[in-house]
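# Geometric and topological summary
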Amino acid sequence: MTKMGIVGMSTIFLATITLFAAGGAKIKITSSAFQAGGTIPSKFTCDGADVNPALRFEGAPAEAKSLVLIVDDPDAPSGLFTHWLIWNIDPKATEIVESSAPKSVQGKNDFGKSGYGGPCPPSGMHRYYFKIFALDSDLDLAAGSKRVQLDAAMRGHVIAQGEMLGHYSRSH
């Protein structure tokens, strides 16, 4: 093999490792409650029952040790607003049933509560991202931990991820 061929193969190999280490593998996340990019029904917001929508995910790598779900709103007036933090989900799980949480650990959302807090934008249309992450380990993180603690604990452990976007605007 030529020197150029070895350099080229090495570059591809390193790019693949970097992408995979950064969570480059994809997990598909969907909901039976709304289409990706669509409007989140009011049932799942502060204007309705404020329960989590059903979620399905597929494609978690076999080597995953746990899953993490984060729901957030980047359009909040104060910046990124976290609606749900849930980790140490069984990596073999493929769904979260409506109005429930799987066996896991839940963190404190930006409403100051553990569990799901649905969309409740003060004005205008907001984007809500439902993000799923596969990790190479369980997280040793106490229930009620906040987003910054979860993000720090996940760093370097994400092996796959996916996200689904939903929109919501309140009628005033």
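As a reminder, the structure under discussion sits directly above these lines.
Presented here is an overview of the structure given in this document.

Parameters at a glance
Residues numbered from 1 in each chain as written. Predicted model: local features only at pLDDT ≥ 70, side-chain atom pairs only at ≥ 80, totals over all residues. Heavy atoms only, no water. Helix = DSSP H or I, 4+ residues; strand = E, 2+ residues; numbered from the N terminus. Buried < 20%, exposed > 50% of the residue type's maximum accessible area, 1.4 Å probe, protein only. Disulfide = S-S within 2.5 Å. Phe/Tyr/Trp six-rings, centres within 6.5 Å; stacked < 30°, edge-to-face > 60°. Salt bridge = Lys/Arg side-chain N within 4 Å of Asp/Glu carboxyl O. Pairing = 2+ DSSP bridges. Contact = heavy atoms within 4.5 Å. Axes fitted to C-alpha atoms, helices over the stretch in contact; angles between N-to-C directions. Core = buried A, V, L, I, M, F, W, Y, C linked by side-chain atoms within 4.5 Å.

## Structural notes on the environment of Ser171
If you trace the backbone, Ser171 turns up in the segment after strand S9 (158–168). Look at Ser171 and you get exposed, because its relative accessible area is 73%. In the structure, Ser171 is positioned 124 residues away from Asp47 in sequence and 9.3 Å away in space, judged by C-alpha atoms.

## Let's talk about the state of the cysteines
As enumerated under the stated definition, the model contains 1 disulfide in all. Here Cys46 pairs with Cys120 through a disulfide, and the sulfurs are 2.1 Å apart. Across the S-S bond linking Cys46 and Cys120, the dihedral sits near 80°, which makes this disulfide right-handed. Here Cys46, found in the loop between strand S2 (28–30) and strand S3 (55–58), pairs with Cys120, found in the loop between strand S7 (105–106) and strand S8 (126–135); they are 74 residues apart in sequence, far enough to count as distant.

## What to know about the packing of aromatic side chains
One pass over the full model with this rule turns up 3 aromatic pairs. With a centroid separation of 5.7 Å and an interplanar angle of 50°, the aromatic rings of Phe34 and Phe130 are classed as tilted. Taken together, the residues span a long stretch of sequence, with Phe34 in the loop between S2 and S3 and Phe130 in strand S8 at a distance of 96 residues. The exposure class of Phe34 is buried, given its relative accessible area of 5%.

## What about the pattern of salt bridges?
One pass over the full model with this rule turns up 7 salt bridges. In this structure, Lys131 engages Asp72 in a salt bridge whose closest nitrogen and oxygen atoms are separated by 3.0 Å. Here Asp72 lies in strand S4 (residues 66–73) and Lys131 lies in strand S8, a separation of 59 residues in the sequence. Considered together, Lys131 and Asp72 belong to a single accessibility category, that of buried residues. Between Arg127 and Asp75 there is a salt bridge, and its shortest N-O distance comes to 2.7 Å. Of this pair, Arg127 sits in strand S8 while Asp75 sits in the loop between S4 and strand S5 (81–89), placing them 52 residues apart in sequence. The class for Arg127 is partly exposed, based on a relative accessible area of 31%. What makes Asp75 partly exposed here is its relative accessible area of 26%. Because the salt bridges share partners, they merge into one network encompassing Asp72, Lys131, Arg147 and Asp151.

## A few points about the sheet that holds S7
Strand order across the open sheet formed by 6 strands is S1-S9-S8-S4-S5-S7, with mixed pairing between neighbours. Where the open sheet ends on each side, the last strands, each with one partner, are strand S1 (25–26) and S7. Both S4 and S8 contribute to a ladder of 7 bridges, which runs antiparallel. Looking at S8, one finds that Val68 is bridged to Phe133. Contacting S4, S5, S8 and S9, helix H2 (residues 147–154) runs over the sheet at an angle of about 140° to S4.

## Structural notes on the nonpolar core
Membership of the largest hydrophobic core comes to 26 residues, with the highest contact counts inside it found for Leu69 and Phe130. Here Leu69 is in contact with Ile29, Leu55, Trp84, Leu85, Ile86, Ile89, Ile96, Lys131 and Ile132, once residues within four sequence places are set aside. If you look at the next biggest cluster of nonpolar residues, it comprises 12 residues, including Ile70, Leu85, Trp87 and Met154.

## A look at the pairing of S3
Burial along S3 is one-sided: Leu55 and Phe57 are buried, and none of Arg56 and Glu58, which face the opposite way, are. Note: S2 against S3, 3 bridges, orientation antiparallel. Pairing of Thr30 across the sheet is with Arg56, part of S3. Bridge analysis of S3 against strand S6 (residues 95–96) gives 2 bridges, and the strand direction is antiparallel. Within the sheet, the bridge partner assigned to Arg56 lies in S6 and is Glu95.

In short, shape yes, function no, at least from these values alone.
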